[in-house]
Amino acid sequence: MQLHKMWQDYPNLVPELEMTIQLMENSVKLKNKSVEKAILDMIHSGGKLLRPAYQLLFFQFGPNQDVKKATSLAAAIEMLHTATLIHDDVVDRAELRRNLPTINAQFDNTTAVYAGDYLLISCFKLLADYTQTLNSLRINSRNIEKILDGELGQMNNRYRLDGTIDEYLENISGKTAELFALSCGIGAMESGCSEKFSKKCGEIGLNIGLAFQIIDDLLDYTQSSEKIGKPVLEDVRQGIYSLPLLYALQENKAQLSPYLLKKEQMTTADAQAVWQIVQQSKGIEKAKKLASDYTNKALKAIEKLPDTPKQTKTHLYNLTASILQRQN
């Protein structure tokens, strides 16, 4: 797999990210070779590997440097992320992911669910093999529970016109931000950092994850289908009302309701009308402002991290700042 071009700016990370991908490949061994290939294709489909990269960077702060351990935990993090994407695609009945057919579109929902479950098991096997203590495994399990709880929270809020911004933030905190928190916290803890320091790293990851998901939701309103690799405004049709739309609902609920109440029967023209109302209500601007707030909170905390090891803090700062400039 060729790594995303963004990693050209972080050449020291490239060998470990390549090792991470190799470990993921080695963990996928199925009797059903068609499904095995579909999982491997998804692993190779151009994901940015942000979560394992954060794990690898925070791992550098501890005294116990073990490349095999660091990359194995990074692989576990990315397999967990990939499993949640596969399950997301089943729930959303999505046909495209990163411009490739989803596993449920290639096979069926049952096969996709089993494929996601397989990656979850592979993730736990690596965590069990490489986490230092039972306490660490307990912390990891708690984070994973929060991730799944966030997914369920989003599902429960589908098509709700009275959904609140606080509920949205709670759901994305579990759905996305907890995985970033896990990446940063486990990186520090498993390299021998104190529990107090590791907790601070996890808090940084949580803010990074919140900003990341808000920007991801903004792309649905600001980029083309080809750019982001999935149909735009598909979340709205599926009843997932993200931050730009929630801000717009605060201002123009009566104007938006006739379109949203059509649910999955929304036409392309309806979706375009929703987009225009969101624009006019400054939902995009307000969401960008909140994403910027979370990013700046993370950047301020990163500035307080130790200056050693060399360049690690700089890499963390630059990588986090780049989240606000995402285009896909």
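Procedures and definitions
Residues numbered from 1 in each chain as written. Predicted model: local features only at pLDDT ≥ 70, side-chain atom pairs only at ≥ 80, totals over all residues. Heavy atoms only, no water. Helix = DSSP H or I, 4+ residues; strand = E, 2+ residues; numbered from the N terminus. Buried < 20%, exposed > 50% of the residue type's maximum accessible area, 1.4 Å probe, protein only. Contact = heavy atoms within 4.5 Å. Areas by Shrake-Rupley, 256 points an atom, 1.4 Å probe, with all protein chains shown as cover. Salt bridge = Lys/Arg side-chain N within 4 Å of Asp/Glu carboxyl O. Core = buried A, V, L, I, M, F, W, Y, C linked by side-chain atoms within 4.5 Å. Phe/Tyr/Trp six-rings, centres within 6.5 Å; stacked < 30°, edge-to-face > 60°. Lys NZ or Arg CZ within 6 Å of the ring centre and 35° of its normal. Axes fitted to C-alpha atoms, helices over the stretch in contact; angles between N-to-C directions. Parallel < 35°, antiparallel > 145°, perpendicular 65-115°, else oblique. Left-handed = near helix turned anticlockwise from the far one by under 90°. Nonpolar A, V, L, I, M, F, W, Y, C, P; charged D, E, K, R; others polar. Arc of directions from axis to C-beta. Expected span 1.5 Å × (residues − 1). Polar contact = N/O pair within 3.5 Å; in protein donor to acceptor, adjacent residues only side chain to side chain.

Chemist: Which parts of the structure should I look at to understand the overall build of the protein chain?
Modeler: If you tally the helices and strands in the protein chain, you get 15 helices and two strands. The burial tally for the protein chain puts 55% of its 328 residues in the buried class. Restricting to contacts in the protein chain with at least 6 residues of sequence separation, those with at least 24 account for 73%. For the protein chain, the exposed surface amounts to about 15100 Å²; the carbon and sulfur share of it is 51%.

Chemist: Honestly, the side chain of Ser 183 in this entry has me stumped. Any pointers?
Modeler: Locating Ser 183 in the fold gives a position in helix 8 (residues 165–190). Residues in contact with Ser 183, not counting those within four places in the same chain, are Arg 51, Tyr 54, Gln 55 and Ile 77.

Chemist: I would appreciate a short explanation of the pattern of salt bridges in the present structure.
Modeler: Should the charged atoms of two oppositely charged side chains come close, the side chains can pair. In this structure the tally under the stated criterion is 10 salt bridges. Across the salt bridge formed by Lys 33 and Glu 36, the nearest N and O atoms sit 3.1 Å from each other. Remark: Glu 36 and Lys 33 occur in helix 2 (residues 33–43); sequence separation between them is three residues, near one turn of the helix. Here Lys 286 and Glu 251 are joined by a salt bridge, their closest N and O atoms 3.6 Å apart. Here Lys 286 is found in helix 14 (residues 283–303), whereas its partner Glu 251 is found in helix 12 (residues 243–260), with 35 residues between them in sequence. One network of salt bridges, with partners in common, ties together Arg 160, Asp 162 and Glu 167.

Chemist: Any chance you could explain the nonpolar core here in plain terms?
Modeler: The tendency in soluble globular proteins is for nonpolar side chains to be buried side by side. Trp 7, Ile 39, Tyr 54, Phe 58, Ile 214, Leu 245 and Leu 260 are the most contacted members of the largest nonpolar core, which has 97 residues in total. Per element, the largest residue contribution to this core is 12 residues, and it comes from helix 4 (residues 67–92). Look past the residues within four positions of Phe 58 in its chain and what remains in contact with it is Cys 184, Gly 187, Ala 188, Ser 191, Cys 201, Ile 204, Leu 305 and Leu 316.

Chemist: Got a minute to help me understand the environment of Ala 38 in this structure?
Modeler: With respect to the helices and strands, the residue Ala 38 is situated in helix 2. By relative accessible area, Ala 38 is classed as buried at 3%. Separated by 69 residues in the primary sequence, Ala 38 and Phe 107 place their C-alpha atoms 9.4 Å from one another.

Chemist: What is the right way to look at the packing of aromatic side chains in this model?
Modeler: In this description, a pair of aromatic rings is defined by centroid distance and the angle of the planes. Applying the stated criterion across every chain yields a total of five aromatic pairs. Here the aromatic cluster, defined as three or more aromatic residues joined through ring pairs, consists of Tyr 54, Phe 180 and Phe 212. Its end group placed over the ring of Phe 212, Arg 51 keeps NZ or CZ at 5.1 Å from the ring centre. Above the face of the Tyr 159 ring, Lys 263 is positioned so that its terminal group lies 5.2 Å from the ring centre.

Chemist: Is there a simple way to explain unusual backbone geometry in this structure?
Modeler: Trans peptide bonds make up most of the peptide bonds, and negative phi angles are found at most residues other than glycine. Note that the residue after Thr 308, namely Pro 309, is joined by a cis bond; omega there is 5°. Tracing the sequence through the fold places Pro 309 in the loop between helix 14 and helix 15 (312–321). A positive phi angle, near 60°, is found at Tyr 159, a position not held by glycine. Residue placement: Tyr 159 occurs in the loop between helix 7 (134–156) and helix 8.

Chemist: What should I look at first to understand the packing of helix 4 against helix 6 (residues 109–130) in this one?
Modeler: Helix packing geometry: the angle between the two helix axes and the distance between the axes. Following both chains from N to C, one finds helix 4 and helix 6 inclined at 160°, their axes separated by 8 Å at the closest point. Classed by the angle they form, the pair helix 4 and helix 6 counts as roughly antiparallel. Helix 4 and helix 6 meet at a crossing whose hand is left-handed. Residues that form the contact of helix 4 with helix 6 fall into these classes: 17 nonpolar, six polar and three charged.

Chemist: In this structure, what is going on with helix 15? I would like to understand it.
Modeler: Note: α-helices contain 3.6 residues per turn, so residues at a spacing of three or four share the same orientation. Inspection of helix 15 places Thr 312, Lys 313, His 315, Leu 316, Leu 319 and Thr 320 among the buried residues, and these make up the whole buried set. An end-on view of helix 15 places all buried positions within 160° of arc, on one side of the element. Contacts made by the buried residues of helix 15 are with helix 3 (50–59), helix 9 (195–222) and helix 14.

Chemist: What's the story with the environment of Glu 25 in this structure? I'm lost.
Modeler: Position of Glu 25 among the secondary structure elements: in helix 1 (residues 14–27). The buried category is assigned to Glu 25, whose relative accessible area is 18%. With 19 residues separating them along the chain, Glu 25 and His 44 place their C-alpha atoms 9.3 Å apart. The residues touching Glu 25, leaving out its near neighbours within four places in the chain, are Leu 40 and His 44.

Chemist: Can you walk me through helix 4 in this structure?
Modeler: Compared with the 38 Å implied by 1.5 Å per residue over 26 residues, the 37 Å span of helix 4 between its first and last C-alpha is a close match. Burial of helix 4 is extensive: 22 of the 26 residues sit out of reach of the surface. Taking the backbone nitrogen of Lys 68 as reference, a side-chain oxygen 3.1 Å away marks Asp 66 as the first, capping residue of helix 4. Positive phi appears at Arg 93, one or two residues downstream of helix 4, with a value of about 55°.

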